[in-house]
Amino acid sequence: GKQRRKRRSLTEEEFKRLINSSPYERSIVYHVAAYTGLRRSELKRITWNDINLEAEFPFIVVRDCISKNKITQSVPLHPDLVERLKHKKQGSETNETAFEVPSRLHHFKKDLKAVSIPFKDEDGRQVDFHALRTTFATFLHSNGANQAVAMQAMRHSDPRLTAITYNDANLMPVGDAI
C-alpha cells in the first residue's frame, strides 16, 4: 500500500488520443487496462476462456492464480470495450491468451510521445502503464461512483488505496460538485 512512484491519471481527452493512435494490439491493451483496472501481470495471463462477452453484463474473470490478492473475481466490461473485444476474439482459440501485452515500457513511452503526452509532468508525476489503474479509479470517481463501488471495481481491501493512492484529485470535478 505504499506509493513508490508518483503517478497521474490520463485525462479523458489524453486517453482517447492514446487509444486512437496506438497500434491496434497495444491500443486494445491500454483500453482494457484503463476500463477495468487490470494490472499488466494479470492482463498477460487472461485467456479467452476468462472473457464472457455474451452475458447480460459482460465480464472478465480474474482467476485467483493470476490475481494479486489471490481471489477470483469478475470484472465488468464497458460496452465500448465489449465491441472491441468481440472483434478481436474472432478466430481465436478459447485457451489462447487474449492480449499481447508489451513487455517493455519503451512501447508505452513511444505511444505517449506520439500523441504529445509527457511521461512526467511538471510535478514529477509519471504516466506509466500502471498509471492506467489510476486512470480507471479517477474515471470511476469522476463519473460519480461511490467509494464502495470504486473500491470493489479496483479489487482493493483498503479504501485509502482507492481514494488517495489511485485517485488523481487534480481531475476531480470539485467545482461541479459545489
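Now for a quick tour of the structure. (Residues numbered from 1 in each chain as written. Predicted model: local features only at pLDDT ≥ 70, side-chain atom pairs only at ≥ 80, totals over all residues. Heavy atoms only, no water.)

**Concerning the nonpolar core**
What counts, and what does not: Residues belong to one nonpolar core when they are buried, are Ala, Val, Leu, Ile, Met, Phe, Trp, Tyr or Cys, and are joined through side-chain atoms within 4.5 Å. Three labels apply to residues, based on accessible area from a 1.4 Å probe with only protein chains included: buried if under 20% of the type maximum, exposed if over 50%, partly exposed otherwise in between. The numbering of helices and of strands both runs from the N terminus, where a helix is a DSSP run of H or I of at least 4 residues and a strand a run of E of at least 2. Throughout, a contact is declared for two residues whenever any of their heavy atoms are within 4.5 Å.
Residues Val32, Leu43, Ile51, Leu85 and Phe99 are the most contacted members of the largest nonpolar core, which totals 36 residues. When residues of this core are traced back to their parent elements, those giving at least two are helix H1 (12-21), helix H2 (24-36), strand S2 (59-62), helix H4 (79-89), helix H5 (105-114) and helix H6 (131-142). For this core, the element with the highest residue contribution is H2, accounting for six residues. Leave out the neighbours within four places in its chain, and phenylalanine 99 touches Val29, Val32, Leu43, Ile46, Ile51, Leu85 and Lys88. The next biggest cluster of nonpolar side chains, apart from the first, holds eight residues, and it includes Phe136, Leu140, Ala150 and Tyr166.

**A look at the pattern of salt bridges**
When the charged atoms of two side chains with opposite charge come close together, those side chains can pair. Selection criterion: When a carboxyl oxygen of Asp or Glu is within 4 Å of a side-chain nitrogen of Lys or Arg, the pair counts as a salt bridge.
In total, this model carries nine salt bridges according to the counting rule given. The residue aspartate 128 makes a salt bridge to arginine 7 at a minimum N-O spacing of 2.7 Å. Residue aspartate 128 is found in the loop between H5 and H6, and its partner arginine 7 is found in the segment before H1; the two are separated by 121 residues along the sequence. A salt bridge links aspartate 111 to arginine 26, with the nearest nitrogen and oxygen atoms 2.7 Å apart. Of this pair, aspartate 111 sits in helix H5 while arginine 26 sits in helix H2, and the two are 85 residues apart along the sequence. By relative accessible area, which is 5% here, aspartate 111 ends up buried. When salt bridges that share partners are traced, they join Arg39, Glu42 and Arg155 into one network.

**With respect to the sheet that holds S2**
Spelled out, the test is: Strands are labelled as partners when DSSP assigns at least two bridges between them.
The strand order S1-S2-S3 describes an open sheet built from three strands, whose pairing is antiparallel. With partners counted over all chains shown, the strands left at the sheet margins are strand S1 (51-52) and strand S3 (73-76), one partner each. The pairing of S1 with S2 spans two bridges and is classified as antiparallel. Within the sheet, the bridge partner assigned to isoleucine 51 lies in S2 and is isoleucine 60.

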